[in-house]
Amino acid sequence: MRLLIPRLPPVYPTALDIAKRARHIANMEFPPKPWPVHEGERVEPLVRRVLAPNPSAFTYTGTESYVVGSGCDVAVIDPGPLEESHLAALLAVIGDARVTAICCTHTHRDHSPLAGPLRERTGAPVIGCAPLTLEDDGPRSDAAFDVSYRPDRVLADGESVAGDGWTLTAVATPGHTSNHLCFALEESGALFTGDHVMGWSTSVVSPPDGDMSEYMESLQKLHDREDRVYYPAHGPAVTKPRQLVRGMIGHRRQRENQILRRLGDGPRMIADMVPEMYKGVDERLWPAAGRSVLAHLIDLEQRGRVARSGESWTKID
Ligand SMILES: [Zn+2]
């Protein structure tokens, strides 16, 4: 089998690297060539990675699905977007093995929609994150969510699913979405991090489903673990996980301080702050940046540091 998956080096970026990379990606032409989609690369004895054909400013080179197990059965993590060609690629990599579990880290449209068709083709149960629930204050989902997602079994934090020589344990990591799970491969010390921690960019945290307080707690949770390597759903493997997570926690604290400094001069609106805070960042990313600023402000509001009045935010001394 040819090895065509990203020729990107393993990374352990700082927060500054992450910001630079995001800027670079935003200016990138898509799809970049050569495009290593649909090939299974064995990234370690128990894990193969299959890249889906959905590159974008938000998905980097595309969604990476993982096939876990080298014996008579496997699990598939994040089957990916609804693309017939990606389903065929996954089935080719799975080969004669039985699929014991189809696991989704969360239900954004670039991660879970193929779970249904893969279940139909293999008979395997969908086991993993919860479907998005509706809250009293209105639907938490938006156009980015896969509303067709119907799991056969939801894993709570610490619960596992196992097969021939592999065990995947759910690590609840809400923040990017309220239902986000990472999966720990107990036999090798690898952690599948979905969109919670990625090497190429910081995560989008977009309220109301995205929650900055939960996201920071979930970063701390990973920092306190001793995983050997991260396999995110976008971008290359992360070989120095704690260093990256430390950088991300620092990056968010910097953003929070930036916001508080700006509010120190008087009430401000998000739309005014974003161009100053994201100077040099491609304007197409400003709406997403605005969502992150809102997530920080809601977090600060809950901690009693800021107050809002309509669109305007004020610092509380
Ligand atoms: Zn996502």
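Residues numbered from 1 in each chain as written. Predicted model: local features only at pLDDT ≥ 70, side-chain atom pairs only at ≥ 80, totals over all residues. Heavy atoms only, no water.

I'd like a rundown of the overall build of the chain, residues and numbers included.
If you tally the helices and strands in the chain, you get 7 helices and 15 strands. For the chain, with 317 residues in total, the buried portion stands at 55%. Considering only contacts in the chain between residues 6 or more positions apart, those separated by 24 or more positions represent 63%. Only carbon and sulfur atoms are counted for the fraction: they give 51% of the accessible area of the chain, which is about 13800 Å². (Helix = DSSP H or I, 4+ residues; strand = E, 2+ residues; numbered from the N terminus. Buried < 20%, exposed > 50% of the residue type's maximum accessible area, 1.4 Å probe, protein only. Contact = heavy atoms within 4.5 Å. Areas by Shrake-Rupley, 256 points an atom, 1.4 Å probe, with all protein chains shown as cover.)

Residue-level account of the pairing of strand E10 (residues 181-185), with values.
Of all 5 residues in E10, 5 are buried, a share of seventy percent or more. Of the two faces of E10, the one carrying Leu181, Phe183 and Leu185 and the one carrying Cys182 and Ala184 are both buried. Summarising the sheet, strand E9 (residues 166-172) and E10 pair through 5 bridges and their orientation is antiparallel. When the sheet's bridge partners are listed, Ala172 is paired in E10 with Leu181. (Pairing = 2+ DSSP bridges.)

Explain the coordination of the zinc ion to me, and be specific about the residues and the numbers.
Every protein donor of the zinc ion is listed here as His106 (NE2), His108 (ND1), His176 (NE2) and Asp195 (OD), and their distances to the metal cover 2.2 Å. Coordination at the zinc ion is irregular, judged from the 4 donor atoms that bind it and the angles of 90 to 165° they form at the metal. Every donor residue of the zinc ion comes from the same chain, spaced as H-x1-H-x67-H-x18-D. Taken together, the residues span a long stretch of sequence, with His108 in the loop between strand E5 (98-103) and helix H3 (115-122) and His176 in the loop between E9 and E10 at a distance of 68 residues. (Donors = N, O, S within 2.8 Å, 3.2 Å for Na, K, Ca; no water. Tetrahedral: all angles 85-135°; square planar, octahedral: opposite > 155°, others 65-115°.)

Residue-level account of the pattern of salt bridges, with values.
Following the criterion strictly, the structure yields 11 salt bridges and no others. Among the ionic pairs, Arg303 bridges to Glu256, the shortest N-O distance being 3.0 Å. Taken together, the residues span a long stretch of sequence, with Arg303 in the loop between helix H7 (286-302) and strand E14 (306-309) and Glu256 in helix H5 (residues 241-263) at a distance of 47 residues. Of the residues examined, Glu256 reaches a relative accessible area of 14% and is grouped as buried. Through salt bridges with shared partners, a single ionic network connects Glu256, Asp299 and Arg303. (Salt bridge = Lys/Arg side-chain N within 4 Å of Asp/Glu carboxyl O.)

Before we move on, can you summarise the sheet that holds strand E1 (residues 40-44) with the specific residues and values?
What the 5 strands build is an open sheet, ordered E1-E2-E3-E4-E5; its pairing is mixed. Pairing within the sheet leaves two strands with one partner each, and these edge strands are E1 and E5. When strand polarity is set aside, the average angle formed by the axes of neighbouring strands in this sheet is 25°. The pairing of strand E2 (residues 47-51) with strand E3 (residues 64-68) spans 5 bridges and is antiparallel. Looking at the pairing, Val50 lines up with Ser65 of E3. Most of the contacts of helix H2 (residues 84-94) go to E2, to which it runs at about 160°, and overall it touches E1, E2, E3, strand E4 (73-77) and E5. Packing against the sheet, H3 makes contact with E4 and E5, and its axis sits at approximately 160° to E5. (Axes fitted to C-alpha atoms, helices over the stretch in contact; angles between N-to-C directions.)

Could you give an account of the sheet that holds strand E8 (residues 160-163), with specific residues and numbers?
Spatially, the 5 strands line up as an open sheet ordered E8-E9-E10-E11-E12, and their pairing is mixed. Looking along the sheet, the strands with just one partner apiece sit at the ends: E8 and strand E12 (229-232). Between one strand axis and the next, the sheet turns through 25° on average, direction left out of account. Looking at chain direction, E8 and E9 are connected through 4 bridges and run antiparallel. Following the sheet pairing, Ala162 is matched in E9 by Thr167.

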